[in-house]
Amino acid sequence: KTLRLDWSATLSRRRRPVIDSTKPTTTMSVKLASGNRVQATFNKNSLCSDVYRFVEFEMVQSLGCDLDAEVPSFDLFAAYPPKLLLDDDKETLEAAGLHNAAVTQRIKKQD
């Protein structure tokens, strides 16, 4: 399966994080499935789903694709032992315990 978002949702959501400089921040290091590592700063009240959108953005950027390009489905894991980071529009990074976290991307196996 691949993740496909409609064009308007893709443009508004697939991006680098937008930071509110008046609120606390945290830096995350993400190891992409390609082996590349990227870092991003998020507000602590950013949502876990924001990390997924950032990783999607990095995937299409590294491939030179359009923002609406299909990307493989993937999971993100934090800490050791690996804990699945849910693509959640409700849980904040702070609530998930992701302060200065290292996150690893794993492409889902296709059925």
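Residues numbered from 1 in each chain as written. Predicted model: local features only at pLDDT ≥ 70, side-chain atom pairs only at ≥ 80, totals over all residues. Heavy atoms only, no water.

Undergrad: Just checking my understanding: could you explain the sheet that holds strand 7 (residues 102–107) for this structure?
TA: Through backbone hydrogen bonds, the strands of a sheet pair up, either in parallel or in antiparallel fashion. Strand order in this open sheet of five strands is 3-2-7-5-6, and the pairing throughout is mixed. Both outer strands of the open sheet, strand 3 (37–43) and strand 6 (83–85), are each paired with one neighbouring strand and no more. For this sheet, the mean inter-axis angle between neighbouring strands, taken without regard to orientation, is 35 degrees. Two strands pair when backbone bridges link them, and strand 5 (residues 74–78) and strand 6 are joined in this way by three bridges, in the antiparallel orientation. Its bridge partner lying in strand 6, phenylalanine 77 is registered against leucine 84. The sheet contacts of helix 2 (residues 48–63) involve strand 2 (25–31), strand 3, strand 5, strand 6 and strand 7, and relative to strand 5 the element is tilted by about 120 degrees. (Pairing = 2+ DSSP bridges. Helix = DSSP H or I, 4+ residues; strand = E, 2+ residues; numbered from the N terminus. Axes fitted to C-alpha atoms, helices over the stretch in contact; angles between N-to-C directions. Contact = heavy atoms within 4.5 Å.)

Undergrad: Hey, could you run me through the nonpolar core in this one?
TA: The nonpolar side chains of a soluble globular protein tend to be buried, and buried together. In this structure, Met28, Val55, Leu76 and Leu98 are the most contacted members of the largest nonpolar core, which totals 24 residues. For this core, the secondary-structure elements that each account for two or more residues are strand 2, strand 3, helix 2 and strand 5. Here this core gets seven residues from one element, more than from any other, and that element is helix 2. If we skip the residues at most four places from it in the chain, methionine 28 touches Val38, Gln39, Ala40, Phe42, Val51, Leu93, Leu98, Ala101 and Val103. (Core = buried A, V, L, I, M, F, W, Y, C linked by side-chain atoms within 4.5 Å. Buried < 20%, exposed > 50% of the residue type's maximum accessible area, 1.4 Å probe, protein only.)

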